[in-house]
Amino acid sequence: DAKTTQPTSMDCAEGRAANLPCNHSTISGNEYVYWYRQIHSQGPQYIIHGLKNNETNEMASLIITEDRKSSTLILPHATLRDTAVYYCIVRVVYVNNDMRFGAGTRLTVKP
Amino acid sequence: DGGITQSPKYLFRKEGQNVTLSCEQNLNHDAMYWYRQDPGQGLRLIYYSQIVNDFQKGDIAEGYSVSREKKESFPLTVTSAQKNPTAFYLCASSMPPGRYTEAFFGQGTRLTVV
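An account of the accompanying structure is given in this report. All figures in this text were calculated on a predicted structure; none of them were measured in a lab.

Another point: the sheet that holds strand S8 (residues 76–78) of chain B. All names here are of chain B. Spatial strand order, S1-S3-S8-S7: 4 strands in an open sheet with antiparallel pairing. Looking at which strands have only one partner, the edges of the open sheet turn out to be strand S1 (4–7) and strand S7 (64–66). Averaged over all pairs of adjacent strands, the angle between their axes in this sheet comes to 20°, without regard to strand direction. Pairing analysis gives 3 bridges linking S7 to S8, with the strands arranged antiparallel. When the bridges of S8 are listed, Val66 appears paired with Leu76.

Have a look at this one:
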């Protein structure tokens, strides 16, 4: 799988949008971008994923650049409960190969 | 309910003893994964299995062993050869990535070796 790079930490004010960037400059055309988050001492939780098009669900939006070399996860109205470590990974379509995580971004939502 | 279960949640062992961590899923997923997480760090891949009776080493397999005799189960043994086994261990399962697929994680086992 292609590697990803994310900022180590970010802060966001409660009620504001949190925009978390991810760089995946070596992504292949057959790799999805997946986002997970981990709240302290729990198992990671799936947020969203996409291939080429922007995606939105009840939790977040995913914006993928046209060249697919980077993406941004958007939490539209961050709450204190969104404080967590956010991981961006890439995975090959239709292949259950290794699934490697980096260090992620530690998002702190402040009152 | 479908899900992935790790047990126990907390485990204490004496140094030099082997210990086996359980991971069971009823999601009918083909692939299963084991990760180690140290305080303030990300997830590091120990082993993964794409299918029953097959598994591959991840980035930090030394001192660990696994088996995949059943689709539902992927136990991890932390052997006495693992130099620093105290950590938080996470198990995951997945179908091949696609439009409607995602990986699911267990709630983890916190292993303390004294």
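Moving on, we come to the interface of chain A and chain B. Where interface size is quoted, it is often the accessible area lost as the parts come together. Residue-level contacts link 26 residues of chain A with 31 residues of chain B. With both chains or domains summed, chain A and chain B bury close to 2100 Å², and 49% of this area falls on carbon and sulfur atoms. Inspection of the chain A/chain B interface yields 1 salt bridge. Of the charged contacts, one joins Asp59 of chain B and Arg100 of chain A as a salt bridge, the two residues approaching to 2.8 Å between their closest N and O atoms. At the junction of chain A with chain B, the criterion picks out 10 residue pairs in polar contact (both at pLDDT 80 or more). Residue assignment for the side of chain A that touches chain B shows that the elements contributing at least two residues are strand S3 (31–38), strand S4 (45–50) and strand S8 (84–92) of chain A. Among the elements that line the side of chain A that touches chain B, the one with the most residues is S3 of chain A, at 4 residues.

What counts and how
- Residues numbered from 1 in each chain as written.
- Chains lettered and ligands numbered in written order.
- Predicted model: local features only at pLDDT ≥ 70, side-chain atom pairs only at ≥ 80, totals over all residues.
- Heavy atoms only, no water.
- Pairing = 2+ DSSP bridges.
- Helix = DSSP H or I, 4+ residues; strand = E, 2+ residues; numbered from the N terminus.
- Axes fitted to C-alpha atoms, helices over the stretch in contact; angles between N-to-C directions.
- Contact = heavy atoms within 4.5 Å.
- Buried area = accessible area lost by both parts, 1.4 Å probe.
- Salt bridge = Lys/Arg side-chain N within 4 Å of Asp/Glu carboxyl O.
- Polar contact = N/O pair within 3.5 Å; in protein donor to acceptor, adjacent residues only side chain to side chain.

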